[in-house]
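Observations on chain architecture
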Amino acid sequence: MAEAAARIGRPSREAVANAVLALALLAAPLIALQAGEPYYVNLSTRVAILAMAGVGLNLALGYGGMVSFGHAAFFGLGGYVAGIAAHHAFNYDLFMAWPVELEGTNQLLAIWPVALLVSGLAALLIGAFSLRTAGVQFIMITLAFAQMIYYFAISFPDYGGEDGLPIYTRNALPGLNTFDPLTFFLVAYGALMLAIGFTWVIMGARFGAALQAARMNETRLATTGIAPYPVKLTAFVLSGMITGLAGALFADLNGFVDPSMLSWHRSGEIMIFVILGGVGRLFGPVAGAALFVLMELFIGQWTEHWMLVLGLVLLTVVLFASGGLMGLLAGKPRHD
Amino acid sequence: MTDMASTALLSIRGLSKSFGALKATDDVTLDLRPGEIHALIGPNGAGKSTLIGQVAGWIRPDAGRIELMGRDVTRLPVHRRARMGLGRSFQVSSLALPISARRNVMLAVQARLGSSFRFLRPVRTDRRLRDEADAALARVGLSGRADAQAAELSHGERRQLEVACALALKPSILLLDEPMAGLGPEGSAELTRFLADLKREAAILLVEHDMDAVFALADRVTVLVQGRVLMTGTGAEVRADPAVREAYLGEDG
Ligand SMILES: Nc1ncnc2c1ncn2[C@@H]1O[C@H](COP(=O)(O)OP(=O)(O)OP(=O)(O)O)[C@@H](O)[C@H]1O
Ligand SMILES: [Mg+2]
């Protein structure tokens, strides 16, 4: 929709598809409430948050061509920031006593910046190493880093180890009742739209031009005098931060955080949102996450092997619709 | 006589590079002076592209030294050399294929104008990037194809586009690896005229198999055979040299 505003005249097919997706996701919980099915409000929130995790990965994978198989690391770290802050706030004890005293908090306006910071730092570290490699090696190194964090979380008893941490009362925002499902949905939806808007703006700017050129042809980028590495690393960090913030929201939605948020299954799921929706398409992760959650719900109802169906759908998309769902909805991406 | 190394824009000293047992570059020394076209000729596999690759920064030499404008750049990465004013076209063109010709050139303009760490202002409405890119495209005769995807361009057009990208850097040195290949006689003649003009702006190290173009354009010619410099001289000197005739020009005498 933002694209439509930028262009005078007829909006592109993709802009229309994006607007429809944005409105459909916004309408879903409202319709659910009208129909007396409040369960579907939280389901919509789940879609919004998972889509946001995908929006983060899409920045690295779709726009930058960095196939990270470790984005669960950022998702989980964001989740653990929310969980650990709430844990200490609940127990009235300190997160650390030295060199500064830090106590827990249940204020999201404090938790979110910390989640962004922690996942950003992790992405900086992981990216700085991984981006020295490419191809399959890159995939494996990002996976290895995420697995290290996963096993650390499992074996570190202070924060629940394998069992994870409960968040007994949902973290708070001033002036809003975050317990209210619709309110929390709107918070998540707002965050998702911000993440998409952010992606749209920076991908249209010089940074985005350089990043996308790095994906298309790194040799070309370097030959024009732009170093690919710092451009890609910056994108990787921003990507990790968006996915990290989504993780913090996810922990609050579920009321707990556990190591499964850090597992490679989760990395794979986030990747599926992106590929299913359309790699490098602005609203691709929204379409992908929505289809994923709907399939999990409806096909999962009558068979626990719904993943098999998902696999078939994914295979079909990869083989026959290279642009993913967005490719079906909006055709080929437009470059000018 | 003035000191060659200090007046040369590019000076290559004792450069060597081996791939396994193969000496692709063998103790090569040559200069590129302001305002000159220096042609690099030699049979297939002589090591011309390997030499260009070392000057541009893609291939690290085993020994020797490369100076750009008096500064040692032997260990400098590709993008830093480009920013110093070293433009380049490839033997096998290397472009961002999914985007338009104009966008390819805009990238080079963006690199020259400063940081790519600008996150807000949209590129598509950036008049300065666009105008400079269009000017570079016009110079190589690609104005009509500015909006075409690089992937849709013919081989000849891709080469022209690479030259436009290099020009957008406002280079003081151009490395052109077989720019005439695939152009056809008319295109070659046109590019020959263009390069003859261009050398007033940028010194050119020209790798080319088209001997008409080489002898029409080159102020000096270096003949490379099996990685080694056989001789450097004017076109006439090179043509008259018996060793060169034997090693390279033999067939067409
Ligand atoms: N990366 C590489 N690894 C191994 N051998 C290489 C490599 N690059 C080039 N060579 C070899 O080095 C020699 C010089 O190659 P180069 O491409 O520089 O020749 P050239 O003079 O540009 O030839 P042409 O006129 O065919 O373009 C050739 O024998 C080539 O096979
Ligand atoms: Mg060659």
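Calculation notes
Counting restarts for each chain: residues are numbered from 1 in the order of the written sequence. By the order in which they are written, chains take letters starting at A while ligands take numbers starting at 1. Reporting in this predicted model follows two pLDDT cut-offs: at least 70 for local features of residues, and 80 or more for side-chain atom pairs to be given and counted; totals over whole chains, interfaces and linings ignore these cut-offs and use all residues. Hydrogen atoms and water are omitted, and side-chain values are computed over all heavy atoms in the structure. Residue contacts are defined here by distance: any two heavy atoms, one from each residue, within 4.5 Å place the two residues in contact. Values labelled buried area give the accessible surface lost by two parts on being combined, using a 1.4 Å probe and summing over both. Each salt bridge in this description consists of a side-chain nitrogen of Lys or Arg and a carboxyl oxygen of Asp or Glu lying within 4 Å of one another. Polar contact criterion, stated in full: a pair of N or O atoms within 3.5 Å, where within protein one must be able to donate a hydrogen and the other to accept it, and residues adjacent in sequence count only if both atoms are side-chain atoms. A 2.8 Å cut-off from the metal defines N, O and S donors, relaxed to 3.2 Å for Na, K and Ca; water is not in the atom list, so some sites may appear incomplete. Put simply, DSSP H or I for four residues or longer makes a helix, DSSP E for two residues or longer makes a strand, and each gets a number counted from the N terminus. For each residue, the accessible area found with a 1.4 Å probe, counting protein chains only, is set against the maximum for its type, and the residue is called buried under 20%, exposed over 50%, and partly exposed in between. Paired strands, as defined in this entry, are two strands with at least two bridges between them according to DSSP. Working definition: residue near molecule or strand if any one of its non-hydrogen atoms lies within 4 Å of it. Surface accessibility in these figures is a Shrake-Rupley result with a 1.4 Å probe; residues are shielded only by whichever protein chains are displayed.

1. Side note on the interface of chain A and chain B
Taken residue by residue, the interface counts 27 residues in chain A and 35 residues in chain B. Regarding the contact of chain A and chain B, the summed buried area is about 2800 Å², with carbon and sulfur atoms giving 61% of it. Together, Arg 206, Arg 220 and Asp 336 of chain A form the three largest contributors to the area buried by chain A at its contact with chain B, with a combined 30%. Our count for the contact surface shared by chain A and chain B stands at two salt bridges. Where Glu 162 of chain B meets Arg 220 of chain A, a salt bridge forms, and the shortest distance between an N and an O atom there is 3.4 Å. Applying the counting rule to chain A against chain B returns 10 residue pairs in polar contact (both at pLDDT 80 or more).

2. Re the coordination of the magnesium ion (ligand 2)
All names here are of chain B. Protein coordination at the magnesium ion (ligand 2): the donors are Ser 49 (OG) and Gln 91 (OE1), at 2.0 to 2.1 Å from the metal. Here Ser 49, found in helix α2 (residues 48–56), pairs with Gln 91, found in the loop between β6 (86–89) and α4 (101–113); they are 42 residues apart in sequence, far enough to count as distant. By relative accessible area, Ser 49 is classed as partly exposed at 27%.

3. Side note on the pairing of strand β3 (residues 37–41) of chain B
Residues and elements named next belong to chain B. For β3, the buried fraction is high: five of the five residues fall into the buried class. What you see with β3 is no split at all: Ile 37, Ala 39 and Ile 41 on one side and His 38 and Leu 40 on the other are buried throughout. Bridge analysis of β3 against strand β8 (residues 203–207) gives four bridges, and the strand direction is parallel. Of the residues in β8, the one forming a bridge with Leu 40 is Val 207. Relative to strand β9 (residues 220–225), β3 runs parallel, the two sharing four bridges. Bridging across to β9, Ala 39 finds its partner in Val 221.

4. Some points on the site of ligand 1
Residues and elements named next belong to chain B. Residues in contact with ligand 1 amount to 13 residues; listed here are only the nearest, Gly 45, Lys 48, Ser 49, Thr 50 and Gln 91. At a separation of 2.5 Å, an oxygen atom of ligand 1 approaches a polar side-chain atom of Thr 50. Measuring from an oxygen atom of ligand 1, one finds a side-chain N or O atom of Gln 91 at 2.8 Å. Taking 630 Å² as the accessible area of ligand 1 by itself, protein coverage stands at 60%. Contributions of two or more residues to the shell around ligand 1 are made by β2 (22–32) and α2. For the shell around ligand 1, the element with the highest residue contribution is α2, accounting for three residues.

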